[in-house]
Amino acid sequence: MTDVYTIVWNEEFMLPHFLDHYENVADRIFIIDDHSTDKTAEIAQAHPKVQYFEYGFDGLDEDEFNDTFESFYKTFSRGWVAVVDCDEFITGLLTLGEPNGQVLKTNGYMMIGKTGRLEDCKSIRMKSWDKPIVFDSKLDVRFGAGRHSVNLPVTDSSLELLHYKYPSREYYIERNTEGYKRIAGMDEKEQTKRLRMGLNWYDSRA
């Protein structure tokens with residue numbers, strides 16, 4: 001059994017793609033909804049594999065998110081667990097055998113496009129985006145910031161993590177102008193700095 005967990009906020013655009021990707025590789029998809037005001041809840045609740053939960057976070061707080069993921073998988077899962085953001089798609093999950101007490105490192109790729117269509121994106125290998133986010137639910141996993149690290153030894157794997165942060169320049173601006181405002185403790189100056197850094201990265205590679 002493989003369970004997929006994600007925390008979402010206003011993912012009306014990305015969530016259908018997320019569900020299309022994971023519905024054939026996951027037994028259950030746990031959607032933890034953080035105050036969405038668009039059609040996220042409607043889309044999630046209509047899918048037969050989704051376990052939907054409303055959850056009241058106070059902004060985007062990675063420590064609180066990690067505590068929530070850890071509480072959920074320990075409560076519900078009895079096999080492999082994958083913990084992802086809604087724009088992160090793991091390939092290769094169907095190749096996994098029975099859980100064997102491992103934490104698997106996924107190999108990160110940033111997906112970048114111009115049209116807004118995920119199928120038009122190109123991939124850029126980014127080791128800095130490797131994440132140890134697939135693991136045996138019997139383990140006591142504690143995540144670091146952004147799920148880029150864990151408290152346990154990590155095993156290399158052939159799993160790929162496709163991060164669709166940049167389907168288009170317009171998507172990145174719209175999504176992150178609002179998203180950075182939700183990060184706990186980040187002032188307006190830092191929000192603007194983060195947005196510009198992301199745009200500079202995109203413009204140099206698109």
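Enquirer: For the nonpolar core, give the residues involved together with the corresponding values.
Expert: F18, Y22, I31 and I90 are the most contacted members of the largest nonpolar core, which has 62 residues in total. When residues in this core are grouped by element, the largest group, 6 residues, is from strand 6 (residues 103-112). Ignoring sequence-local partners within four residues, the contact set of Y22 consists of V4, I29, V84, E88, F89, I90 and L93.

Enquirer: Lay out unusual backbone geometry with the relevant residues and their values.
Expert: Even without a glycine there, the phi angle at N10 is positive, about 50°. Among the secondary structure elements, N10 is positioned in the loop between strand 1 (2-8) and helix 1 (14-22). A positive phi angle is found at H35, which is not glycine, with a value near 60°. With respect to the element layout, H35 can be found in the loop between strand 2 (28-33) and helix 2 (40-45). Take H35: its relative accessible area is 48%, and that puts it in the partly exposed class.

Enquirer: A description of helix 3 (residues 62-76) should follow, citing residues and the corresponding values.
Expert: A turn of α-helix holds 3.6 residues, and therefore any two residues three or four places apart point the same way. The end-to-end C-alpha separation of helix 3 is 21 Å, in line with the 21 Å expected for 15 residues at 1.5 Å each. If you check which residues of helix 3 are buried, you get F65, N66, T68, F69, E70, F72 and Y73. Buried residues along helix 3 sit against strand 1, strand 2, strand 3 (50-54), strand 4 (80-83) and strand 8 (131-136). Two to three positions downstream of the cap, the backbone nitrogen of D63 sits 3.0 Å from a side-chain oxygen, assigning the N-cap of helix 3 to D61.

Calculation notes
- Residues numbered from 1 in each chain as written.
- Predicted model: local features only at pLDDT ≥ 70, side-chain atom pairs only at ≥ 80, totals over all residues.
- Heavy atoms only, no water.
- Core = buried A, V, L, I, M, F, W, Y, C linked by side-chain atoms within 4.5 Å.
- Buried < 20%, exposed > 50% of the residue type's maximum accessible area, 1.4 Å probe, protein only.
- Helix = DSSP H or I, 4+ residues; strand = E, 2+ residues; numbered from the N terminus.
- Contact = heavy atoms within 4.5 Å.
- Expected span 1.5 Å × (residues − 1).
- Polar contact = N/O pair within 3.5 Å; in protein donor to acceptor, adjacent residues only side chain to side chain.

All we've got here are geometric facts, nothing functional implied.
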